[in-house]
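Notes for the structure review
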Amino acid sequence: HLPAPDPGVASCVQMVETLIFVDIDGVLNAGVRDADGSSVLLSDGNVRLAMMEHDAKFLKAHGDFVAKMRSVADRCDDLVCDDKAQTSALLVQRLVNILQAAGEHALVVLSSSWRKQRHQAQVEALEGQISSRLGRRFQFGARTEQAVERQPGDRLICIGNFVSRHCASRRVRALRVVILDDFFASPLDTWTLGRQRVRSARDAEAYIQGRARRCQRVSVKLVHCYEEWKTPEGLRVQLGAGISQTQVDATSSFLDRAGTASKEAGQVGGRRRAVLSLWSSVSQEACEAKGTVEKAVIRLKQAIALTPRYLLLLKAIDPGWRQMS
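This next bit is on the pairing of strand 11 (residues 236-240). Summarising burial for strand 11: four of the five residues are buried, a large majority. Note: strand 2 (residues 31-33) against strand 11, two bridges, orientation antiparallel. Following the sheet pairing, G31 is matched in strand 11 by G240. Here strand 10 (residues 226-230) pairs with strand 11 via five bridges, running antiparallel. Directly across from Y226, in strand 11, lies its bridge partner G240.

Written out as structure tokens, the structure reads:
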């Protein structure tokens, strides 16, 4: 009969590990990239300021800000957030939908600049919002390292470092990684990661897969919350646009596919171990049988060696024995 299933296989199937890296600015709120590279929050106060009538002096100094904010407010009025909370209720709900698709065992990692100590009160308030929407207690399970991030590649390196340490610290057979980030309201063009270049979401995903070398199966989904367009006047608008519903649906499908593939791979691994165990058992029985056969062969050889003497004896007792045989 087949050996009993390996208990480790069941735990592998059930415990597919999931890491979800969450940026806040540009993901759970919308932010307009300013001329100096900073992000201006799409908030009640900023929208009101942009919509006001301004004199020529103000417009000369802040005209681009006014034009960009008005353009964004026209397109994304449902994402305007409260000045105090600094997160959009709609975008928080979309994150919750992704967390529900990932399951309760996902490790949610704060990779935003909000991981710094000065944002702790805001983070706790956000955790409270997510908890009430999830219907269970929620806290960010970890944070990426504190580091100076001057460009998108720096953020991706921090995430890669976390993935590498995570896989090195435990035996991870199947890993799903989701990255929710606007990367400082920047397009995916040419990010620098040391000697490596990232020109697309696929390049970024391949980089993270390469950092998880100790893991047997790694699936990565980069959700780049970024949009850009030009105003009628030709002004370029770059927006950390928050998680779109389309991205929520795509991420949920990814989690479902990656989880199913990992479970099937775990089941295949389980069958392989069962077959190997069966062959081991057969091999052991064959060895035992071999010993028995070897003893029988020795006895047979002894019998063959004695046969001439028995033949002579039979002939002496019964001269007609040959005809009988």
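Having seen the model, we can carry on.
This part covers the packing of aromatic side chains. Given two aromatic rings, one states the distance between the centres and the angle between the planes to describe the pair. Counted according to the given criterion, the structure contains three aromatic pairs. Centroid distance F21 to F162: 5.5 Å. Interplanar angle 90°. Geometry classified as edge-to-face. Placement of F21 in strand 1 (residues 17-22) and of F162 in helix 6 (residues 152-168) is noted, with a sequence separation of 141 residues between them. There is no split in this pair, since F21 and F162 are both buried. With a centroid separation of 5.2 Å and an interplanar angle of 75°, the aromatic rings of F138 and F140 are classed as edge-to-face. The residues F138 and F140 share a single accessibility class, namely buried.

Before going further, it helps to spend a moment on the packing of helix 2 (residues 44-51) against helix 3 (residues 56-75). Where helix 2 contacts helix 3, the axes come no closer than 8 Å and their chain directions differ by 120°. Comparing the axis directions of helix 2 and helix 3 gives the class oblique. Crossing of helix 2 against helix 3: the hand is left-handed. Across the interface between the two elements, N46, V47, L49, A50 and M51 of helix 2 pack against F58, F65, V66, M69, R70, A73 and D74 of helix 3. Each residue belonging to the contact of helix 2 with helix 3 can be placed in one class, and the counts come to nine nonpolar, one polar and two charged.

Calculation rules
- Residues numbered from 1 in each chain as written.
- Predicted model: local features only at pLDDT ≥ 70, side-chain atom pairs only at ≥ 80, totals over all residues.
- Heavy atoms only, no water.
- Buried < 20%, exposed > 50% of the residue type's maximum accessible area, 1.4 Å probe, protein only.
- Helix = DSSP H or I, 4+ residues; strand = E, 2+ residues; numbered from the N terminus.
- Pairing = 2+ DSSP bridges.
- Phe/Tyr/Trp six-rings, centres within 6.5 Å; stacked < 30°, edge-to-face > 60°.
- Axes fitted to C-alpha atoms, helices over the stretch in contact; angles between N-to-C directions.
- Parallel < 35°, antiparallel > 145°, perpendicular 65-115°, else oblique.
- Left-handed = near helix turned anticlockwise from the far one by under 90°.
- Contact = heavy atoms within 4.5 Å.
- Nonpolar A, V, L, I, M, F, W, Y, C, P; charged D, E, K, R; others polar.

In short, shape yes, function no, at least from these values alone.
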